[in-house]
Amino acid sequence: MKMFKKIICLNIVILLFLVCFYFAEAQEGISISEEQMKLLSGEYCKEFPDKLEKGEPFKCKTMDPFSGQTLTREIIGKEGDRCHYIQELPGGGKMECKLSPEFVKAMVQEYRDTMPIKSENGQTTNLKMDSGGKRKYMINSKEVTNVLQEAINCKECVMSGPGHEQ
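What comes next is a walk through the structure. Bear in mind the structure is a predicted one, so any value in this text is a computation, not a measurement.

Cut-offs used in this document
Residues numbered from 1 in each chain as written. Predicted model: local features only at pLDDT ≥ 70, side-chain atom pairs only at ≥ 80, totals over all residues. Heavy atoms only, no water. Helix = DSSP H or I, 4+ residues; strand = E, 2+ residues; numbered from the N terminus. Buried < 20%, exposed > 50% of the residue type's maximum accessible area, 1.4 Å probe, protein only. Contact = heavy atoms within 4.5 Å. Areas by Shrake-Rupley, 256 points an atom, 1.4 Å probe, with all protein chains shown as cover. Pairing = 2+ DSSP bridges.

1. Focus on the overall build of the protein
1) Next: What the protein contains, in helices and strands, is five helices and nine strands.
2) Next: Start at the N end of the protein and walk to the C end: the helices and strands fall as α-α-α-β-β-β-β-α-β-β-β-β-α-β.
3) Next: Counting across all 166 residues of the protein, residues that qualify as buried make up 36%.
4) Next: Summarising the internal contacts of the protein: among those between residues at least 6 apart in sequence, 44% fall at separations of at least 24.
5) Next: As presented, the protein carries roughly 10,000 Å² of accessible surface, and 53% of it is formed by carbon and sulfur atoms.

So, in structure tokens, the structure goes:
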């Protein structure tokens, strides 16, 4: 569980490193495919927060910055007042969530806060943070800094597969 938490926390930092690495290597003649660049930049999943917020079925792929694996995020849709969401995990695992409206709201905001944003001058920024350097979200009157970890702790999300046996 601690390793998964570290992966979530470092995901954005590693993503930035890989993008910077790509540009440095591309200048030296070593390149990453256009497909890999789109996966790294989050281009395929840019609609994900809006779809999650509405509970609309949606499927996209992203790249895990640690393993380099292409992973799928899929919103199945609404089930009553909950949103059914499945995310592949590195190594063949999966995380299945049935999120309450409070968790959907917080998770949507967390995804929006961590998505790459291009400014008019072409620079990319990735995180909107408070003055303390950590994002904070309210879930059921509780302040949290990692929505996904809180969803796992509250059994809104359950991990399964290799390394996640229960």
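2. Let's talk about the pairing of strand β3 (residues 82-89)
1) Next: Relative to β3, strand β2 (residues 70-79) runs antiparallel, the two sharing six bridges. Residue I75 lies in a different strand from β3, and its bridge partner there is Y85.
2) Next: Between β2 and β3, which pair antiparallel in sequence order, lie two residues; one of them, G80, sits at a positive phi of approximately 70°.
3) Next: The sheet contact formed by β3 and strand β4 (residues 93-99) spans seven bridges and is antiparallel.

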